[in-house]
Every structure is written in C-alpha cells, then in structure tokens.
Amino acid sequence: MGVLINAPIFMYPKVKFEIDYQKDIKTLHAFAADAVYDNGRNLSWAIFKHYPQLKRFFLINKIRDKAALSSFVKNKYETNSGLMNKNLKIFAANWKKIEPIFFALVDELFENFHWPKGKYIAYFTIWSMFPRFLEDKTFQIPYKFRSRKGVSAIIAHEMLHFIFYEYFYSLFKKYRQEKYYDFVWNISEIFNVVVQNSSRWLKIFGVPAMSYTEHEKIIKKIKKSFIFNEKNDAKRLILEIAKKVKK
C-alpha cells in the first residue's frame, strides 16, 4: 500500500467506543439549537429525515416536549441494545485493524504534527448525522450502517477534524475568534473531502467522503487546478482552500 506503519502506536490517541443514550439526547438538543443558524437544515437531515414522527414534539425548529423526545431516544436504545452491543465490538475491532495505517497517513500529511489531548470517545447515535465535539474530542458514529468499511471511514473523518483544527490554529492563531468559526469550518470540511477522496486514502478505506452541497464547486475547482501530493501537504492544501473560500 506504500504506507509506513512503524511509528509507535502509544504516541497516538486510542479511540474508545461507548453506548450512552444521554449523549444522543444532548446531540438532539444541539441540532435544535443550531437551527437558528442553519435554518433547521441539520435538524431536518439528522432527525426528521428518518424519524418524521418526531416533528410533533417540535414547534417549527424548537423543542416543545423534551420529556417525550428523551423517552423516544431511551426506548430506541433499549430496543436495539443487542444490535448495538454486537456492532460496538465489530466496529472497534475493525478500527483497531486500520488505525496504524490511518495514523501513518496522518503523520505523512501533517509532517508528524502532535495530536491534541482529549477523550477520543466514539459514541453511537441513532441520528443520521455524525457530529464531532472539538472541546473534548468526542464524536458519534452510526449504531448500524450499510457497510462496515464505511464506519471506519467515518471515524477517520472525525479524527482528521481533530488534528486539522489543532494544526490550523497553530498556523493561524487569529482565526480562533468566534467570528471566524464558519470560515474555518468550511475549510475543514473541504479539506477532509479532498484528503479522503485521494487515491491512497480511498485505497485504504474504500469509501469516498461526502461533501456538503455548498462545497461542491470549490472541490471541483481544486481537483482541476491543484495537485494534492498526500505527503507533507496539509499546509499547501489549507492555503489553497482558504483562498477559494474567501472568494
């Protein structure tokens, strides 16, 4: 595969896998809170697309019955506890097999940049979007998925976010300010798509990263005009994306 994997694993964060319905309740509230900024887009994609019956517990995009929603989530976890426990072991084992290669690819891309401290816990979710939380380095993965390879690709995507933000802010400290949140988020998502859809990453994970609709034009332009080398290329790629996002 052309990837060196002789770096010591103990230097890297170990992902822990956990089941906690309370985490999903908090995530549901986060989607509702973000509806103010995204006009309910993520709430629609993550919640209503698969659970349209939950709309009755909302008033437009605001929760009006917290107790009913909490009960729904708890019941969903109890009903699927057998499958969740089974898949937890499978997804953890699959990630363990692929993580040395993932960390080697990241080392090459970011020139051995350090990983930030954090919990690095992957929680299951019943929702159809998989958020990451930069403050404590936790994220969510689907409790069931159409392909097992796909779950490892999702884990890689979220882990890539954690080191991206640490690396980005080390280079551009001024962008830590809240007013630049959307600017950096756009760069991070485009960055992940370009990286994960490159030949070496696709060869390892076998699943392409999906892009947000608003990023597709920029991604196409980068594919046409930018040669991504995959090795030691994080900064050059970030600068290229930032140029296009600013426009």
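Sequence positions are assigned chain by chain, starting from 1 and proceeding in written order. It should be noted that, the model being predicted, local features are given only for residues of pLDDT at least 70 and side-chain atom pairs only at 80 or more, the latter also being counted only at that level, while totals for whole chains, interfaces and linings use all residues. Side-chain numbers come from the whole structure's heavy atoms, not from hydrogens or water.

(A) Examining the overall build of the protein chain more closely. Along the protein chain, the regular secondary structure elements total nine helices and six strands. Within these notes, the globule rule equals 2.2 Å times the number of residues to the 0.38 power, and the radius of gyration is based on C-alpha atoms. For a compact globule of 247 residues, the expected C-alpha radius of gyration is about 18 Å, and the protein chain comes in at 19 Å, within 12% of that figure. Along the longest, intermediate and shortest principal axes, the C-alpha atoms of the protein chain span 50 × 40 × 30 Å. Total accessible area computed for the protein chain in this model is approximately 13,400 Å², and 54% of it derives from carbon and sulfur atoms. For this count, His and the chain ends are skipped, Lys and Arg are scored as positive, and Asp and Glu as negative. One atom stands in for each charge, and that atom is NZ of Lys, CZ of Arg, CG of Asp or CD of Glu. One finds the centroid of the 43 positive side-chain charges in the protein chain at a distance of 3 Å from the centroid of its 23 negative side-chain charges. A run of H or I in DSSP counts as a helix once it spans at least four residues, and a run of E counts as a strand once it spans at least two, with each numbered from the N terminus. Areas reported here follow the Shrake-Rupley algorithm with a probe of radius 1.4 Å; residue values treat only the protein chains shown as occluding.

(B) Spatial organisation of helix 5 (residues 148–171). Take the number of residues in a helix, subtract one, and multiply by 1.5 Å to get its expected span. For helix 5, which comprises 24 residues, the first-to-last C-alpha distance of 35 Å matches the rise-based estimate of 34 Å (1.5 Å per residue) to within 8%. Distance and chemistry together define a polar contact, namely a pair of N or O atoms within 3.5 Å, with one atom able to donate a hydrogen and the other to accept it when in protein, and with adjacent residues in sequence counting only for side-chain atoms on both sides. If you check the start of helix 5, you find a side-chain oxygen 2.9 Å away from the backbone N of Gly150, and it comes from Ser147.

(C) Region of interest: a positive patch on the surface. Surface patches are defined over residues having more than 30% relative accessible area and no salt bridge, joining like charges when they lie within 9 Å and nonpolar side chains (Val, Leu, Ile, Met, Phe, Trp, Tyr) when within 5 Å. Here a salt bridge means any side-chain nitrogen of Lys or Arg lying within 4 Å of a carboxyl oxygen belonging to Asp or Glu. On the surface, a cluster of positive charge is contributed by Lys217, Lys220, Lys221, Lys223, Lys224 and Lys247. Considering the arrangement of structural elements, one finds Lys247 in the segment after helix 9 (234–246). Residue burial is assigned from relative accessible area. The probe radius is 1.4 Å, only protein chains are included, and a residue is buried under 20% of its type maximum, exposed over 50%, and partly exposed in between. For Lys247, a relative accessible area of 85% gives the class exposed.

(D) The pairing of strand 6 (residues 138–142), seen in detail. Taken across its five residues, strand 6 has five buried, putting it largely inside the fold. Bridging between strand 4 (residues 121–125) and strand 6 involves five bridges; their strand directions are parallel. Note on strand 6: the bridge partner recorded for Ala122 is Phe139. Strand pairing is defined by DSSP finding a minimum of two bridges between the two strands. Direction of pairing for strand 5 (residues 132–133) relative to strand 6: antiparallel, over a ladder of two bridges. Residue Phe133 lies in a different strand from strand 6, and its bridge partner there is Thr138. Joining the antiparallel neighbours strand 5 and strand 6 is a turn of four residues, in which Lys137 adopts a positive phi near 60°.

(E) Just the nonpolar core, in detail. In terms of nonpolar packing, the biggest core is built from 86 residues, with Phe110, Trp127 and Met159 touching the most fellow members. It is helix 5 that provides the largest number of residues to this core, a total of 14 residues. Pairs of residues are marked as contacts when any of their non-hydrogen atoms sit within 4.5 Å. What Trp127 contacts, discounting residues up to four positions off in sequence, is Asp24, Thr27, Leu28, Phe31, Ala46, Ile47, Tyr51, Leu54, Phe72 and Val73. We call a set of buried residues a nonpolar core when its members are Ala, Val, Leu, Ile, Met, Phe, Trp, Tyr or Cys and they connect through side-chain atoms within 4.5 Å of each other.

(F) Representation of the confidence of the model for the protein chain within the structure. With 96% of its residues at a pLDDT of at least 70, the protein chain reaches an overall mean of 93. Confidence of the predictor at the level of single residues is given by pLDDT, which spans 0 to 100. Counting interchain partners and residues more than four positions distant, the pLDDT-below-50 stretch residues 1–10 has 16 contacts.

(G) Quick look at the pairing of strand 4. Counted residue by residue, strand 4 has five buried out of five residues, so it is predominantly covered. Burial of the side chains of strand 4 extends over both faces: Ile121, Tyr123 and Thr125 are buried on one face and Ala122 and Phe124 on the other. With three bridges joining them, strand 1 (residues 16–18) and strand 4 adopt parallel strand pairing. Pairing of Lys16 across the sheet is with Ile121, part of strand 4.

(H) How the structure looks around the packing of aromatic side chains. A pair of Phe, Tyr and Trp rings is counted when the ring centres sit within 6.5 Å of each other, with Trp represented by its six-membered ring. The angle between the planes then sorts it: under 30 degrees is stacked, over 60 is edge-to-face, the rest tilted. In this structure the tally under the stated criterion is 31 aromatic pairs. Geometrically, the ring pair formed by Phe164 and Tyr165 is edge-to-face, given 5.5 Å between the ring centres and 90° between the ring planes. With relative accessibility at 0%, the residue Phe164 sits in the buried group. Taken together, a centroid distance of 5.2 Å and an interplanar angle of 40° make the contact between Tyr175 and Phe183 tilted. In terms of burial, Tyr175 and Phe183 fall into one category: buried. Whether a charge sits over a ring depends on NZ of Lys or CZ of Arg being within 6 Å of the ring centre and within 35 degrees of the ring normal. Here Lys23 stacks its cationic end above the ring of Phe133, 4.3 Å away from the centre of that ring.

(I) Region of interest: the pattern of salt bridges. The tally for this structure, following the rule as stated, stands at six salt bridges. Across the salt bridge formed by Lys14 and Glu99, the nearest N and O atoms sit 2.6 Å from each other. Of the two residues, Lys14 is situated in the segment before strand 1 and Glu99 in helix 4 (residues 81–110); the sequence distance between them amounts to 85 residues. A relative accessible area of 4% places Glu99 in the buried class. Connected through salt bridges with shared partners, the residues Glu240, Lys243 and Lys244 form a single ionic network.

(J) Expanded view of the environment of Pro100. Along the chain, Pro100 falls in helix 4. With relative accessibility at 24%, the residue Pro100 sits in the partly exposed group.

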